[in-house]
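Listed below, chain by chain, are the residues.
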Amino acid sequence: MIGWLQGQLADRWHLNNRFAVLLVCSGVGYEVHMPRRHWDQLGGNGTEATLHIHQVIREDSWTLYGFSARHERDLFRELVAVSGVGPQMALGLLGLLSCEELVRAIVQADLRQLCQAPGVGKRTAERLSVELRTRLQERYGESLQLSQADDLQAGDGVGGPAEGVREEVQLTLAALGYEALEINRALRAVSQQSQELGEDGDAWLRESLRYLSRDAA
């Protein structure tokens, strides 16, 4: 299996939402497909490039997908392991969002942001969140907690629902069309207004919906 390539760019092109390069390594040219963000950051023909590779071998083709960092390739592998998510859709997600943004969107069930990627519909976005959020949170938990703390204005001394309850409420509200920042703001407001909801997920959802409805009005 090819896992890494270093060489010179001989050509680069794109067709619709597909972006690729021809990377020449020791006299052999490898056609490598990439997320648009990485493709945009490459230099011109003749410049040196190093790519972490994911190789897909099928009966009628061998295809290479390239990434500027190993953690980006690892996240790509997590995405394509989800039913209904192919390599091009995964490239579209990574081309639209940075790794941190994409992981946060999946963990927080930010369906609107996920659906901005080419080919990603609401059901696929929901499936990504349901199947990957726990695994991604375990892998990127520390950085995610720091990011979520910024959104929730951490340090104000206000508690919230237990992690499992929070995830359930976030996913339900996201499925109803609310954005991640709206959901976090609602949970924070409910935490300030009531200290007796405990781990009652239905109560947290009901009070959050009440807050969001009032906020919209």
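Preceding this section is the structure that the text describes.
Every value quoted in this text rests on a predicted model; they were computed, and no experiment measured them. (Residues numbered from 1 in each chain as written. Predicted model: local features only at pLDDT ≥ 70, side-chain atom pairs only at ≥ 80, totals over all residues. Heavy atoms only, no water.)

(A) Seen up close, the environment of Trp-13. Topologically, Trp-13 is positioned in strand E1 (residues 4-15). Sequence-wise, Trp-13 and His-33 are 20 residues apart; in three dimensions their C-alpha atoms are separated by 9.7 Å. Excluding its chain neighbours within four sequence positions, the residues that come into contact with Trp-13 are Arg-18, Phe-19, Ala-20, Val-21, Leu-22, Glu-31 and Trp-39. (Helix = DSSP H or I, 4+ residues; strand = E, 2+ residues; numbered from the N terminus. Contact = heavy atoms within 4.5 Å.)

(B) Structural view of the pattern of salt bridges. Applying the stated criterion to the full structure yields 5 salt bridges. As a salt-bridge pair, Arg-139 and Glu-78 come within 3.3 Å of each other at their nearest N and O atoms. With Arg-139 in helix H6 (residues 122-152) and Glu-78 in helix H2 (residues 70-80), this pair connects stretches of sequence that are 61 residues apart. Relative accessible area serves as the criterion here: at 45%, Arg-139 is assigned to the partly exposed category. Looking at Glu-78, the relative accessible area reads 10%, which means it is buried. Taken together, the shared-partner salt bridges in this structure form one network comprising Glu-78, Arg-135 and Arg-139. (Salt bridge = Lys/Arg side-chain N within 4 Å of Asp/Glu carboxyl O. Buried < 20%, exposed > 50% of the residue type's maximum accessible area, 1.4 Å probe, protein only.)

(C) How the structure looks around the nonpolar core. Counting 46 residues, the largest nonpolar core has Leu-75, Leu-79, Leu-93, Leu-94, Leu-102 and Leu-136 as its most contacted members. With 6 residues, helix H4 (residues 99-107) is the largest single contributor of residues to this core. Those residues in contact with Leu-79, other than ones at most four positions away along the chain, are Val-85, Ala-90, Leu-93, Leu-94, Leu-102, Ile-106, Leu-128 and Leu-132. In this structure, Leu-9, Leu-23, Trp-39 and Leu-51 belong to the second largest nonpolar core, which totals 14 residues. (Core = buried A, V, L, I, M, F, W, Y, C linked by side-chain atoms within 4.5 Å.)

(D) Layout of the pairing of strand E3 (residues 28-34). As paired elements, strand E2 (residues 18-25) and E3 share 7 bridges and run antiparallel to each other. Each bridged residue has a counterpart across the sheet, and for Phe-19 the counterpart in E3 is Met-34. Hairpin geometry of E2 and E3 is characterised by an intervening segment of 2 residues between the two adjacent antiparallel strands and by a positive phi of about 55° at Ser-26. Sheet analysis places E3 next to strand E5 (residues 61-67), joined by 2 bridges and oriented parallel. (Pairing = 2+ DSSP bridges.)

(E) How the structure looks around the packing of aromatic side chains. By the definition in use, this model includes 3 aromatic pairs. Ring geometry for Tyr-65 against Phe-76: centres 5.4 Å apart, planes inclined by 35°, an arrangement best described as tilted. Here the residue Tyr-65 occupies a position in strand E5, and Phe-76 occupies one in helix H2, the gap between them amounting to 11 residues. Here Tyr-65 falls in the buried class, since its relative accessible area comes to 6%. Of the residues examined, Phe-76 reaches a relative accessible area of 0% and is grouped as buried. An angle of 45° between the planes, with centres 4.9 Å apart, marks the rings of Phe-67 and Phe-76 as tilted. Comparing Phe-67 with Phe-76 shows no difference in burial state: the two are buried. Ring pairing ties together the aromatic residues Tyr-65, Phe-67 and Phe-76, which thus form one cluster. Sitting above the plane of the Trp-39 ring, Arg-12 keeps its charged end 4.2 Å from the centroid. (Phe/Tyr/Trp six-rings, centres within 6.5 Å; stacked < 30°, edge-to-face > 60°. Lys NZ or Arg CZ within 6 Å of the ring centre and 35° of its normal.)

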